[in-house]
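The residues making up each chain are set out below.
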Amino acid sequence: MWRSVARRSSQVRRLLSTSAPPAGPLATVPAPCIVQKRGNDILNDPWYNKDTAFPLTERDRLGLRGLLPPRVMSFEQQYERFINSYRSLEKNTRGEPDSIVALAKWRILNRLHDRNETLYFRVLIDNIKDLAPVIYTPTVGLVCENYSGLFRRPRGMYFTAKDKGEMMSMIYNWPQEKVDMIVVTDGSRILGLGDLGVQGIGIPIGKLDLYVAAAGINPQKVLPVIIDVGTNNEKLLEDNLYLGLRQPRLEGEEYMAVVDEFMEAVHARWPQAVVQFEDFQMKWAFETLERYRNRFCMFNDDVQGTAGVALAGLLGAVRAQGRPLHDFTSQKIVVAGAGSAGIGVLSMAKQEMSRMLAKTGEEGHNQFWVLDKNGLITKDRKDLDPAVANFARGHGPNEIPDLHEGASLVEVVRKVKPHVLLGLSGVGGIFNEEVLKAMKESDSPRPAIFAMSNPTTKAECTPEDVFKHVGENAIFASGSPFSNVSLGNDDMLQAGAECLASYITDDEIQKGILFPEVSSIRHITARVGAAVVRAAVAEDLAEGCRTVGPKELGSMSESQTVEYVARNMWYPIYSPLVNNK
């Protein structure tokens, strides 16, 4: 769908300059909601539960009189009460280790989520900058590592190797008739933490909470999923509290047969649901992407989603370095990490370079130097994965002399003098003082350092390290939050890379700001969504939604399209409940 950034930059910038969509719902009067439950069944359902906010009329007709304290509180009063509790927790945990504080914050939010989804998502939306690190990276890493001990109630679905032959019937155990978005992991490569087995379910849960808050997806229409095929993590297998299958991971055709059956079951019940693959090992990330991408509505976030955001940052880095966008084709980029995320970023960046060069008829060269745990990857390396082999260095005239197979990171940086150092290694601190000082000799006056690995403990370096050893002119971006550093992680998907790159103004770019503040994420989502809608209409790919068809979408102006997207974003508000029994 997407052409080069240069071709559409003016169109996208016009779209992004329209007035921002409203922060809250456009419809002020919520439609009534018909429920089939009464009494405690409603209070125990987090979707319908309003806690003390049930008005007396609803308490009467829903059989709630006597089951709640007599005082009726407004939504705003409930909100204030929770925020006060949260701030009190922050105050009372000062001085405690960061991990203790992070898990305490996650617990109080999780309890609210278990009890009252409407209030939970309103709190999350209004405080997304502060709470995103609690429900996702870096705290989600701690949650996944400790999931078996933290488990209180199920959320999402659990498919296992033992369910072979039963998944088609299992999928109908999910109570919601309509599902628009599924995030699934097999727990094999959770962030930079490795194989966490069934405990990886925390990633789909946290990611979908972000999608609800950031993109306005209806939380009743999302489904987090874990496919448990065992684990090779001996520590988990020996843990009496571990909740997953106690067996080594399936491999080969046995593994693919389980995933195949899951995908067929999902497609049978919800043929239009988007299935996002998350945190799969590299071999399975690429295998499943190629296997399913032309059969199902799916994508791999590590290969494609991270790549979209990283590409937006790389294009922004060119602008921040005071160079025209076309100079991206000559950027020298050193990449630490040859996993699914690293190769996904490289593939998209290479594709973008090829598009730019095709417009001018210029000849392109390999502008990437890729390293894994064994050092620089060259064509001398044996048994290279085909996806990695595309970026291996050769022996031609365009190669830098004396850069051999397996050369160290600091050696590569010293000799290449790259414009960009990109970290997707999952190895915390790999961009050490020696490496960063070598980046000071970059051929760019404003070298860019991207420490993209998650969670924060796995980040290749900190912003303090960069500005101390490279200098104040350096450009820094990260995949996890640091104090006074903002990043859009990978919540923006591949199709929005062009819009995300164009969203930042020239003044912000010159200040080294490559990604927008997370606090404005719903505004950005509406605009990115509108750009995607208009591109789909232009390329005759739009299907429309409910009463609005492709023709109506095509007749909308850019500002009207933004408003249309914003109006259809879900927003948490209590609806009147009506029981038809």
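Residues numbered from 1 in each chain as written. Predicted model: local features only at pLDDT ≥ 70, side-chain atom pairs only at ≥ 80, totals over all residues. Heavy atoms only, no water.

For the protein, the name recorded in an unreviewed UniProt entry is Malic enzyme, with Panicum virgatum as its organism. Taken from UniProt, the Sequence similarities (unreviewed entry) comment for the protein reads in full: "Belongs to the malic enzymes family." (UniProt positions renumbered as here; feature names shortened; annotations may be inferred.)

1. Structural notes on empty space enclosed by the protein
What the rule picks out here adds up to three cavities of 30 Å³ or more. Lining the largest cavity are 22 residues; nearest its centre among them are W106, N110, V143, R155 and I205. Counting residues per element, the ones that place at least two in the lining of the largest cavity are α5 (98-115), α7 (128-135), α8 (139-145), α9 (147-150) and α11 (202-215). Looking at which element gives the most residues to the lining of the largest cavity, the answer is α5, with five residues. By volume, the second largest cavity is sized at about 50 Å³. Around the second largest cavity, the lining residues are M263, V266, H267, W270, P271, A273, V275, F296 and C297. Element by element, the count of residues in the lining of the second largest cavity is highest for helix α13 (residues 252-269), at three residues. (1 Å grid on protein atoms, 1.4 Å probe; cavity = no way out; pocket = protein on both sides within 12 Å on 5 of 7 lines; lining within 4 Å. Points joined across faces, edges and corners; volume = space filled by probe spheres on them. Helix = DSSP H or I, 4+ residues; strand = E, 2+ residues; numbered from the N terminus.)

2. Here we look at the nonpolar core
Inside soluble globular proteins, nonpolar side chains tend to come together where they are buried. If you look at the biggest cluster of nonpolar residues, it comprises 73 residues, and the most contacted ones within it are I182, F262 and F328. Considering every element that reaches this core, the biggest residue donor is helix α15 (residues 301-320), with nine residues. If we skip the residues at most four places from it in the chain, F262 touches F159, M167, I182, V184, V225 and I227. (Core = buried A, V, L, I, M, F, W, Y, C linked by side-chain atoms within 4.5 Å. Buried < 20%, exposed > 50% of the residue type's maximum accessible area, 1.4 Å probe, protein only. Contact = heavy atoms within 4.5 Å.)

3. Remarks on the UniProt feature "binding site: a divalent metal cation" (unreviewed entry) in the protein
In the numbering used here, UniProt assigns the "binding site: a divalent metal cation" (unreviewed entry) feature to E278, D279 and D302. On the basis of their most widely separated C-alpha atoms, the annotated residues across 25 residues gather in one place, lying no more than 6.6 Å apart. By the element assignment, E278 lies in the loop between β5 (274-277) and α14 (282-292). Classification of E278 as buried rests on a relative accessible area of 1%. Setting aside chain neighbours within four positions, we find E278 in contact with Y136, V183, V184, T185, I203, K207, D301 and D302. Excluding residues that lie within four positions of it along the chain, D279 makes contacts with T185, D186, G187, S188, R189, I190, L191, I203 and D302.

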